[in-house]
Amino acid sequence: MPEIDLDEIVHRLRAAERVLITSHIAPDGDAVGAVLALSHVLEALHQPTVVCALEGCVPERYAWLPGADKIRKPEECAPPFDLAVIVDVAQLDRVGETAKLITEETSVIVLDHHLEKKPDGDLVAVDPAYAAAGELIVDLMDAAGVPLTRDIALCAYVALTTDTGSFKYSNTTVRSHQIAARLVATGLPVTEIARRVFDEMSQGRFRLLVRFVNSVTLLDGGRIAVGTLSAADLAECEAREEDTEGLINLAHNIRGVEVTMLFREVDDTTVKLSLRSREGLNSAEILSTLGGGGHTAAAGATLEMPLQQAMSVALRRVRESLAGQP
Ligand code: 5GP
Ligand code: MN
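Since the model is a prediction, treat every value here as computed from it, not as a measurement.

Novice: Explain the overall build of the protein here, please?
Specialist: Assigned secondary structure in the protein consists of 11 helices and 11 strands. The C-alpha atoms of the protein give 19 Å as radius of gyration, which agrees with the globular expectation for 326 residues (20 Å, within 12%). For the protein, with 326 residues in total, the buried portion stands at 51%. If you take every contact in the protein between residues at least 6 apart in sequence, the share linking residues at least 24 apart comes to 68%. Put simply, the protein shows about 14,800 Å² of open surface, and 51% of that area lies on carbon and sulfur atoms. One way to put it: in the protein the 30 positive side-chain charges average out to a point 5 Å from where the 48 negative ones average out.

Novice: Looking at this structure, I do not really get helix 3 (residues 133-143). What am I missing?
Specialist: Quick reminder: α-helices carry 3.6 residues per turn. Residues three or four places apart thus point the same way. Among the 11 residues in helix 3, eight count as buried, and that is most of the element. Residues of helix 3 that are buried include every one of Ala 133, Gly 134, Glu 135, Leu 136, Ile 137, Val 138, Leu 140 and Met 141, and no others. Looking one or two residues beyond helix 3, the residue adopting positive phi is Gly 145, at roughly 70°.

Novice: Please clarify how the sheet that holds strand 5 (residues 123-126) should be interpreted in this entry.
Specialist: Whenever strands of a sheet pair, they do so through backbone hydrogen bonds, lying parallel or antiparallel. Read across the open sheet, the five strands follow the order 2-1-3-4-5; overall the sheet is parallel. Every other strand in the sheet has two partners, leaving strand 2 (49-53) and strand 5 as the edge strands with one partner each. Taken pair by pair, the neighbouring strands of this sheet meet at an average axis angle of 15°, ignoring direction. With four bridges connecting them, strand 1 (residues 18-22) and strand 3 (residues 83-87) associate as parallel partners.

Novice: Sorry if this is basic, but what is going on with the site of ligand 1 here?
Specialist: By nearness alone, 14 residues border ligand 1, and His 114, Lys 272, Ser 274, Arg 276 and Thr 302 come closest of all. At a separation of 3.2 Å, an oxygen atom of ligand 1 approaches a polar side-chain atom of Arg 94. Notes on ligand 1: free accessible area 500 Å², of which the protein chains cover 81%. Counting only elements with at least two residues in the shell around ligand 1, the list comes to strand 9 (270-277), strand 10 (293-294) and strand 11 (298-303).

Novice: Looking at this structure, how should I read the domain arrangement of the protein?
Specialist: In many reports, interface size means the accessible area that the parts give up when they come together. When cut into domains, the protein gives domain 1 (6-197) and domain 2 (203-322). Across the contact, 13 residues belong to domain 1 and 13 residues belong to domain 2. When domain 1 packs against domain 2, close to 970 Å² is buried across both sides, 42% of that on carbon and sulfur atoms. For the salt bridge of Arg 61 with Glu 245, the shortest nitrogen-to-oxygen distance reads 3.0 Å. Here domain 1 is connected to domain 2 by eight residue pairs in polar contact (both at pLDDT 80 or more). Looking at side-chain class alone, the side of domain 1 that touches domain 2 contains six nonpolar, four polar and three charged residues.

Novice: Where do I start with the coordination of the manganese ion (ligand 2) in this structure?
Specialist: Think of it this way: four donors in a tetrahedron around the metal ideally sit 109.5 degrees apart, and six in an octahedron ideally sit 90 or 180 degrees apart. Protein-derived coordination of the manganese ion (ligand 2) comes from Asp 30 (OD), Asp 88 (OD), His 113 (NE2) and Asp 163 (OD), at a distance range of 2.1 to 2.3 Å. Look at where the donors of the manganese ion (ligand 2) fall in the sequence and you get D-x57-D-x24-H-x49-D. Here Asp 88 is found in the loop between strand 3 and strand 4 (107-112), whereas its partner His 113 is found in the loop between strand 4 and strand 5, with 25 residues between them in sequence. Here Asp 88 and His 113 have matching classes, each one buried.

Novice: Looking at this model, I keep getting lost on the pattern of salt bridges. Mind explaining?
Specialist: All chains considered together, the criterion is met by 17 salt bridges. Between Asp 142 and Arg 182 there is a salt bridge whose closest N-O contact spans 2.9 Å. Residue Asp 142 is found in helix 3, and its partner Arg 182 is found in helix 5 (residues 174-184); the two are separated by 40 residues along the sequence. By relative accessible area, Asp 142 is classed as partly exposed at 38%. A salt bridge links Arg 211 to Glu 236; the nearest nitrogen and oxygen atoms lie 2.9 Å apart. On the criterion of sequence distance, the pair formed by Arg 211 in helix 7 (residues 203-215) and Glu 236 in helix 8 (residues 231-236) is long-range, its members being 25 residues apart. For Arg 211, a relative accessible area of 30% gives the class partly exposed. Relative accessible area serves as the criterion here: at 51%, Glu 236 is assigned to the exposed category.

How each quantity is defined
Residues numbered from 1 in each chain as written. Chains lettered and ligands numbered in written order. Predicted model: local features only at pLDDT ≥ 70, side-chain atom pairs only at ≥ 80, totals over all residues. Heavy atoms only, no water. Helix = DSSP H or I, 4+ residues; strand = E, 2+ residues; numbered from the N terminus. Rg over C-alpha atoms; globule rule 2.2 N^0.38 Å. Buried < 20%, exposed > 50% of the residue type's maximum accessible area, 1.4 Å probe, protein only. Contact = heavy atoms within 4.5 Å. Areas by Shrake-Rupley, 256 points an atom, 1.4 Å probe, with all protein chains shown as cover. Lys, Arg positive; Asp, Glu negative; His and termini not counted. Charge placed at Lys NZ, Arg CZ, Asp CG, Glu CD. Pairing = 2+ DSSP bridges. Axes fitted to C-alpha atoms, helices over the stretch in contact; angles between N-to-C directions. Near = heavy atom within 4 Å. Polar contact = N/O pair within 3.5 Å; in protein donor to acceptor, adjacent residues only side chain to side chain. Domains from an automatic or database assignment. Buried area = accessible area lost by both parts, 1.4 Å probe. Salt bridge = Lys/Arg side-chain N within 4 Å of Asp/Glu carboxyl O. Nonpolar A, V, L, I, M, F, W, Y, C, P; charged D, E, K, R; others polar. Donors = N, O, S within 2.8 Å, 3.2 Å for Na, K, Ca; no water.

Next comes the structure, spelled out in structure tokens:
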């Protein structure tokens, strides 16, 4: 495990006057949960000014988390900040418009768990052994001597359960369970949380789910599953970008499937690709040549090309990887 100097990070956090906390575009449960958990830790440290900003809306299924109502859009925030902490992402170009709030006088701390070869930032804590960025925030909380509160626990628990798929994915460790036990012991209503985060859905998401399922085709003798969602699909279903989160897993559960790809058309020249792979195939590595990244079992990329071209380019890349398999 790489050495992470949490004490130095705590020192910098304590010394800062105006702190910006942010995460990646299209924020997921770990992004929102880790940003908010960290903001509660900083509150406990009596930081004078802490601003949480995310590009786009906080997905509805996370909007009830304590502090979510205080998350701002970048255009609503007033720089300068002397410190920016970017969580669950290590590259400023994935932070979107919020990166513009980072000026020359801002030092940048990265708290992340992606397989990232070249993280941005002045002080970097990136460790893929963490199942979620939220797990790293709990370690940071301990290093800062901040007692665990219910608000911190709630945010960190959502971060942990979303990024581990409720402790099912291969990134789940003994430590994930140990941390979860501490969080739940603060009195978290786990059934209620699971309903809000994983089960309940908007009508738009339900319609989109049906479209996604109908779009799935199996290739190469059932080793590859491919699903597509066009811009028209989202519009006609009255679904939002956040409604696509996790749909890919439905296809990845088909017996025999080793790689699942979801191509989501953003517009005529942009496609968001999601990739999931079984043991022995590294998703992040597969997408690294296409400008993407992520984790071993789950990765993504943004392809600046029309849908058909994106599908042929990415499929070729996946087939190369499968061919290199024993
Ligand atoms: P998802 O497929 O659920 O959008 O993302 C899966 C994983 O890949 C996440 O950990 C996410 O951070 C990463 N990821 C998604 N999209 C991109 C992208 O466009 N670029 C990079 N570098 N990583 C991505
Ligand atoms: Mn994460």
